[in-house]
Amino acid sequence: MRRVALVTLVVGDYDEAIRFYTEALGFRLVEDTPRPDGSRWVVVEPGGEGHGTGLLLARAKDEGQRARVGDQTGGRVGFFLHTDDFARDHARMTAAGVTFLEEPRHEPYGSVAVFQDLYGNRWDLLQPAA
């Protein structure tokens, strides 16, 4: 079996990113290991172990990387968070202060709403149609 295991997300600060992804989005912290160069290997996942692609939260190291924080996909939705209960997760995320950029929509492919992470990257919260 093959799968994409990790996707790098360039962030401004490890700890604020960990807080957002674990507290506001409900991800779990899989690993937070210091590295010899002063960086950290920080991985969060949206579900239980092995359920979903993990995010490697990588702190921007230089001006070029800092310029990409929050705009890694040029303003397009770049990340898709699937759920089995859209209403539950939308309500929980809204209560946790997550910014939704639109009201929930019900499309032929499922229930969806665009939100942004703490840096401005756009995500879809999506419950696929049965």
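Here the structure is shown first, and the text comes after it.
This section reports on the structure supplied with the text. Because the structure is predicted, anything quoted here is derived from the model rather than measured.

1. Side note on the packing of aromatic side chains
Phase 1 of the analysis: This structure, assessed with the given rule, holds seven aromatic pairs.
Phase 2 of the analysis: Relative to Phe 115, the ring of Phe 100 lies with its centre 5.5 Å away and its plane at 55°, an arrangement referred to as tilted. One end of the pair, Phe 100, is in strand S6 (residues 99-100); the other, Phe 115, is in strand S8 (residues 110-116), with 15 residues separating them in the sequence.
Phase 3 of the analysis: Of the residues examined, Phe 100 reaches a relative accessible area of 18% and is grouped as buried.
Phase 4 of the analysis: Put simply, the rings of Phe 20, Tyr 21, Phe 27, Phe 79, Phe 100, Phe 115 and Trp 123 touch in pairs and so form one group of aromatic residues.

2. A look at the side chain of Ser 39
Phase 1 of the analysis: Residue position: Ser 39 is located in the loop between strand S2 (28-34) and strand S3 (40-45).
Phase 2 of the analysis: A distance of 2.5 Å separates the side chain of Ser 39 from the side chain of Asp 37, its partner in a polar contact.
Phase 3 of the analysis: Once residues lying within four places of it in the same chain are set aside, the contact partners of Ser 39 are Tyr 14, Thr 33, Pro 34 and Arg 59.

3. A word on the environment of Phe 100
Phase 1 of the analysis: Once the C-alpha coordinates of Phe 100 and Arg 122 are considered, the two residues, 22 residues apart in sequence, prove to be 9.4 Å apart.
Phase 2 of the analysis: Excluding residues within four positions of it along the chain, Phe 100 makes contact with His 90, Met 93, Thr 94, Ala 113, Val 114, Phe 115 and Leu 125.

4. Looking at helix H1 (residues 14-24)
Phase 1 of the analysis: Along H1, the residues classified as buried are Tyr 14, Ala 17, Ile 18, Phe 20, Tyr 21 and Ala 24.
Phase 2 of the analysis: Backbone geometry just downstream of H1 places Gly 26 in the positive-phi region, at approximately 80°.

5. Some words on the sheet that holds S2
Pairing between sheet strands relies on hydrogen bonds along the backbone, with the strands arranged either parallel or antiparallel.
Phase 1 of the analysis: Spatial ordering of the open sheet is given by S1-S4-S3-S2, a layout of four strands whose pairing is mixed. In the strand order of this sheet, the two ends are held by strand S1 (6-11) and S2, each with one partner. The average undirected angle you get between the axes of adjacent strands in this sheet is 25°.

6. Focus: the pairing of S2
Phase 1 of the analysis: Here six bridges tie S2 to S3, and the two strands are oriented antiparallel to one another. When the sheet's bridge partners are listed, Thr 33 is paired in S3 with Trp 41.
Phase 2 of the analysis: Where S2 folds back onto S3 in an antiparallel hairpin, the turn is made up of five residues, including Gly 38, whose phi is positive at roughly 95°.

7. Brief notes about the pattern of salt bridges
Once their charged atoms are close, side chains differing in charge can pair, the charge on each being opposite to the other.
Phase 1 of the analysis: Applying the stated criterion across every chain, the model contains nine salt bridges.
Phase 2 of the analysis: A salt bridge links Arg 40 to Asp 32; the nearest nitrogen and oxygen atoms lie 2.7 Å apart.
Phase 3 of the analysis: Measuring nitrogen to oxygen at the nearest pair gives 2.9 Å for the salt bridge that ties Glu 107 to Arg 105.
Phase 4 of the analysis: Its relative accessible area of 29% is what places Glu 107 among the partly exposed residues.
Phase 5 of the analysis: When salt bridges with common partners are traced through the structure, they connect Asp 15, Asp 32 and Arg 40 into a single cluster.

Conventions adopted
Residues numbered from 1 in each chain as written. Predicted model: local features only at pLDDT ≥ 70, side-chain atom pairs only at ≥ 80, totals over all residues. Heavy atoms only, no water. Phe/Tyr/Trp six-rings, centres within 6.5 Å; stacked < 30°, edge-to-face > 60°. Helix = DSSP H or I, 4+ residues; strand = E, 2+ residues; numbered from the N terminus. Buried < 20%, exposed > 50% of the residue type's maximum accessible area, 1.4 Å probe, protein only. Polar contact = N/O pair within 3.5 Å; in protein donor to acceptor, adjacent residues only side chain to side chain. Contact = heavy atoms within 4.5 Å. Pairing = 2+ DSSP bridges. Axes fitted to C-alpha atoms, helices over the stretch in contact; angles between N-to-C directions. Salt bridge = Lys/Arg side-chain N within 4 Å of Asp/Glu carboxyl O.

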